[in-house]
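Listed below are the residues making up each chain.
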Amino acid sequence: MSNEFILVASDKALDFISEEYNQLEKIKEGLGERFFDAIEASFSIIKKRPLSSPQKTAIYRRSLINISKRIQYSIYFRLEGKTIFIDLILPNSINPSKH
């Protein structure tokens, strides 16, 4: 029996990643790449150890991403058996455009 989890990102989460990447690259070249690398690293950690992320509601857990002191994001996901559903990614930054 495998301990592997399957990670599935919603269209909304994938759209956010694409839009945020483009916005960050416009602000500063390479910033979008840092964001994308952080997303990939976080997805990898979530997939390996989903229960290490704190439970925020009855359904959702949250993983935090820090790109810089002023650019932070929350990934909200839920578990159903061995499947991890990434439903939402939200910025925690007050004003990401002022980096």
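Since this is a predicted model, take the numbers as computed values, not measurements.

## A closer look at the sheet that holds strand S1 (residues 6-9)
Across a sheet, strands are paired by hydrogen bonds formed along the backbone, either parallel or antiparallel in direction. The strand order S1-S4-S3-S2 describes an open sheet built from four strands, whose pairing is mixed. The open sheet has two edge strands, S1 and strand S2 (61-66), and neither has a second partner. Strand-to-strand twist across the sheet, computed as the mean angle between neighbouring axes with direction ignored, equals 30°. Sheet topology note: the strand S3 (residues 72-80)/strand S4 (residues 83-91) ladder contains eight bridges and is antiparallel. Its bridge partner being in S4, Leu 79 is matched across the sheet by Ile 84. The strands touched by helix H1 (residues 11-27) within the sheet are S1, S3 and S4, with S4 carrying the most contacts at an inclination of about 40°.

## Some details on the pattern of salt bridges
Per the stated rule, a full pass over the model turns up two salt bridges. Across the pair Glu 80 and Arg 78 runs a salt bridge whose closest N-O atoms are separated by 2.4 Å. For Asp 87, the salt bridge identified is with Arg 78, shortest N-O distance 2.5 Å. Accessibility classification places Asp 87 together with Arg 78 in one group, the buried group. One connected set of salt bridges, linked through shared partners, spans Arg 78, Glu 80 and Asp 87.

## Description of the pairing of S4
Alignment of S1 against S4, held across four bridges, turns out to be parallel. Looking at S4, one finds that Leu 7 is bridged to Ile 84. Adjacent in sequence and paired antiparallel, S3 and S4 are bridged by two residues, among which Gly 81 carries a positive phi angle near 65°.

What counts, and at which threshold
Residues numbered from 1 in each chain as written. Predicted model: local features only at pLDDT ≥ 70, side-chain atom pairs only at ≥ 80, totals over all residues. Heavy atoms only, no water. Pairing = 2+ DSSP bridges. Helix = DSSP H or I, 4+ residues; strand = E, 2+ residues; numbered from the N terminus. Axes fitted to C-alpha atoms, helices over the stretch in contact; angles between N-to-C directions. Contact = heavy atoms within 4.5 Å. Salt bridge = Lys/Arg side-chain N within 4 Å of Asp/Glu carboxyl O. Buried < 20%, exposed > 50% of the residue type's maximum accessible area, 1.4 Å probe, protein only.

Function cannot be inferred from these measures alone, as they are strictly geometric.
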